[in-house]
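# Structural overview
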Amino acid sequence: MFQNIGEMFLLFGKSLKALPLAWRHRRKILEQLFEIGNASLLMACVLSLFIGGVLALQTGPVLVERGLSSFIGGIVGLSMCKELGPVMMSILIAGRIGSAMAAEIGSMQVYQEIDALRTMNINPVHYLVLPRLVAICVALPLLVVFSILVGWSGGALVSVLNQEIGISFQSYFGNLREVVEVRDVFDGLFKSFGFALIVGVVGCHQGLNTIGGPRGIGRSVTKSVVNSIVLILIMDYVITRLLMVFDY
Amino acid sequence: MGSNQETPGVRVTVSGLRKSYDGHPVLKGLDFDVAPGEIFVVMGPSGSGKSVLLKHIIGLELPDEGEIFVNGDPVIGTQITDKYRMAMVFQSGGLLNSLTVGENVGLYLSEHQLESAEAIERIVAEKLKLVGLANLQHHVPSELSGGMKKRVALARALAVEPQLILYDEPTAELDPLNAITIGEEIYNLNQRIHVTSIVVTHDRDLAFGVADRVAIMVEGEILVVGTPEEIRSTSNTAVREFITADFNLNKTSKTP
């Protein structure tokens, strides 16, 4: 396990060092961005809508019962931007994109495509890892912004349409604006950036370390998803704690 | 493609090369020397360590012991592909499936920004024509047969304008006609640009057909090195067994 973590840090370091080459690989970065957006946008929309809705549904009746119905907007707003948006989107991306990265790079490793790159003096980190890492670090925070907005809307719809809650849009969004600050959204984006690095580095690392045939590729995909989710949840706590220490 | 002067072959020297995987020795102290422009074939049964040897020569693997030199420069511990233009034709072709045939062939030139897009397009067309696959630029590797993939891999190797080409089982999984075509291309290429070629194969026809010298490798050891004629007339039992192996069946006719 420690060897894997060390290798992942090393891969991250190499990618960071190669960052000035990102402009040269802009076409591949754009392709990856399209891949991530295209593969995830609809799913992100559905997921976020229902997360926002469930949040309102769970908290709404309890708050109404205590005469605190005007706080629903704030609760959904804060939960979505500080926690659920970044974490759920990152888990979704780990499942859809991290696994695809592990599978694609893993199959290239198994079928000697990466060896072929090396013989042509093409660094696989520059050619394969850097574009993916840059793309996911741009795409995931954007998806999280989208997720937050859709999640807020889902919460608003349930708060207005559910008879047990039944508050107005003005009341919901008024409280949301009162409670949620821009820095809360930035906290969520900061988290999502960290999670994007985790998903990208874990997916690419697993791919590059694939051994064996199709079974090896399957193993890499599974490990990439599981390891990403575990690391996301651990890092979620660490980043939250750090943000609390430094900001509040 | 450059002339003889532009792409002179390199000398390859392998000395005391040893490699083990999980305690199992795969290369047991190999020593040989390949002259510039020579076609040197390493022939031996499957699993004798031939492909591992090639990976060491191009720097994809590190040996436990021993040295490899290209024109006197050590391969180990250096990025030898920075100094010499080398190419390897992999057993599977090693084509990037996400790219078109043309992009695969021009990959070295485009990634190292050695030529303009128009020039790359021209060079790609030229190399593909050279291997008999003109107008296939826009196809993807999955649309090609095994033989075509190997020829595209050869075209990709040519685009590097290599000083050394390594061929890993170039005729494996090919029908006899395609195998002959590939063998002829290896030979013609060597005649045209005098590139040093190291071919590993278990195909006896290919080895004796194209080689200047043949090394017989069995279980990680080179048993004998010589010209095809010398190998054919060797008295070494293990070598004779390998080069003369044939079916020994007592077949009875089943036709009515």
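Because the structure is a prediction, the values reported are computed rather than measured.

### Quick look at the overall build of chain B
- When helices and strands are tallied, chain B shows ten helices and ten strands.
- Relative to its length of 256 residues, chain B is compact, with a C-alpha radius of gyration of 19 Å against a globular reference of 18 Å.
- The 256 residues of chain B split such that 45% are buried.
- When contacts within chain B are restricted to residue pairs at least 6 apart in sequence, those whose partners lie at least 24 apart make up 67%.

### Focus on the overall build of chain A
- The helix and strand tally for chain A stands at eight helices and zero strands.
- Traced from its N-terminal end to its C-terminal end, chain A shows the element sequence α-α-α-α-α-α-α-α.
- On the principal axes, the C-alpha backbone points of chain A span a range of 70 × 35 × 35 Å.
- With 248 residues in all, chain A has 46% of them scored as buried.

### Quick look at helix α6 (residues 169–179) of chain A
Residue and element names in this part refer to chain A.
- Those residues of α6 lying buried are Tyr172, Asn175 and Leu176. Relative to the axis of α6, the buried residues are bounded by an arc of 105 degrees and lie together on one face. Exposed and facing more than 90 degrees away from the buried side of α6 are Gln170 and Arg177.
- Turning to α6, the residues buried within the fold contact α3 (72–110) and α5 (124–161).

### Quick look at the domain arrangement of chain B
All names here are of chain B.
- Segmentation of chain B into domains returns domain 1 (8–85 + 164–246) and domain 2 (96–161).
- Here the C-alpha centre of domain 2 lies 25 Å away from the C-alpha centre of domain 1.
- Listed as interface residues are eight residues of domain 1 and, on the opposing side, eight residues of domain 2.
- With three residues, helix α7 (residues 176–193) is the largest single contributor of residues to the side of domain 1 that touches domain 2.
- For the side of domain 1 that touches domain 2, a count of residues per class yields four nonpolar, one polar and three charged.

### Thoughts on the environment of threonine 237 of chain B
- Note that threonine 237 of chain B resides in helix α10 (residues 237–244).
- Along the primary structure threonine 237 of chain B and arginine 85 of chain B are separated by 152 residues, whereas in three dimensions their C-alpha atoms are 39 Å apart.

### Overview of the confidence of the model for chain B
Residues and elements named next belong to chain B.
- The predicted model of chain B averages 88 in pLDDT, with 97% of residues at 70 or higher.
- For chain B, the element scoring lowest by mean pLDDT is helix α2 (residues 80–83), at 78; helix α3 (residues 101–105) scores highest, at 95.
- Across the interface, the model reports ipTM at 0.84; the global pTM reads 0.84.

### Overview of the sheet that holds strand β5 (residues 73–74) of chain B
Residue and element names in this part refer to chain B.
- As summarised here, the arrangement of the four strands in space is β2-β1-β4-β5, forming an open sheet in which the pairing is antiparallel. Of all the strands in the sheet, the pair left with one neighbour each is β2 (24–34) and β5.
- Judged from the two bridges that link them, strand β4 (residues 65–70) and β5 form a sheet pairing that is antiparallel. Its bridge partner being in β5, phenylalanine 69 is matched across the sheet by proline 74.

### Points about unusual backbone geometry
Residues and elements named next belong to chain B.
- With phi around 50 degrees, aspartate 22 is a residue other than glycine that occupies positive phi space.
- With respect to the element layout, aspartate 22 can be found in the loop between β1 (12–21) and β2.
- According to the C-beta neighbour criterion, aspartate 22 is exposed, with 4 such atoms within 10 Å.
- Of note in the backbone geometry, histidine 194 takes a positive phi value of approximately 55 degrees without being a glycine.
- As for its position among the elements, histidine 194 is in the loop between α7 and β8 (196–201).
- We classify histidine 194 as partly exposed; it has 18 C-beta atoms within 10 Å.

### What to know about the sheet that holds strand β9 (residues 213–218) of chain B
All names here are of chain B.
- The strand order across the open sheet built from six strands is β6-β7-β8-β3-β9-β10, with neighbouring strands paired in mixed fashion. The outermost strands of the open sheet, each flanked by one partner alone, are β6 (86–89) and β10 (221–226). Each strand of the sheet is rotated relative to its neighbour by a mean of 15 degrees, with strand direction disregarded.
- Examined bridge by bridge, β9 and β10 share five bridges and lie antiparallel to one another. From the neighbouring strand, isoleucine 216 faces β10, where its bridge partner is valine 224.
- Strand contacts of helix α1 (residues 50–57): β3 (39–43), β6, β7 (164–168), β8 and β9, with the helix running at about 155 degrees to β8, the strand carrying the most contacts.

### Let's talk about the interface of chain A and chain B
- The interface of chain A with chain B comprises eleven residues on the first partner and 15 residues on the second.
- For the side of chain A that touches chain B, the element with the highest residue contribution is helix α4 (residues 113–119) of chain A, accounting for five residues.
- A class-by-class count of the residues in the side of chain A that touches chain B yields five nonpolar, three polar and three charged.

Conventions and cut-offs
Residues numbered from 1 in each chain as written. Chains lettered and ligands numbered in written order. Predicted model: local features only at pLDDT ≥ 70, side-chain atom pairs only at ≥ 80, totals over all residues. Helix = DSSP H or I, 4+ residues; strand = E, 2+ residues; numbered from the N terminus. Rg over C-alpha atoms; globule rule 2.2 N^0.38 Å. Buried ≥ 20, exposed ≤ 12 C-beta atoms within 10 Å, placed from the backbone. Contact = placed C-beta atoms within 7 Å. Arc of directions from axis to C-beta. Domains from an automatic or database assignment. Nonpolar A, V, L, I, M, F, W, Y, C, P; charged D, E, K, R; others polar. pLDDT = per-residue confidence, 0-100. Pairing = 2+ DSSP bridges. Axes fitted to C-alpha atoms, helices over the stretch in contact; angles between N-to-C directions.

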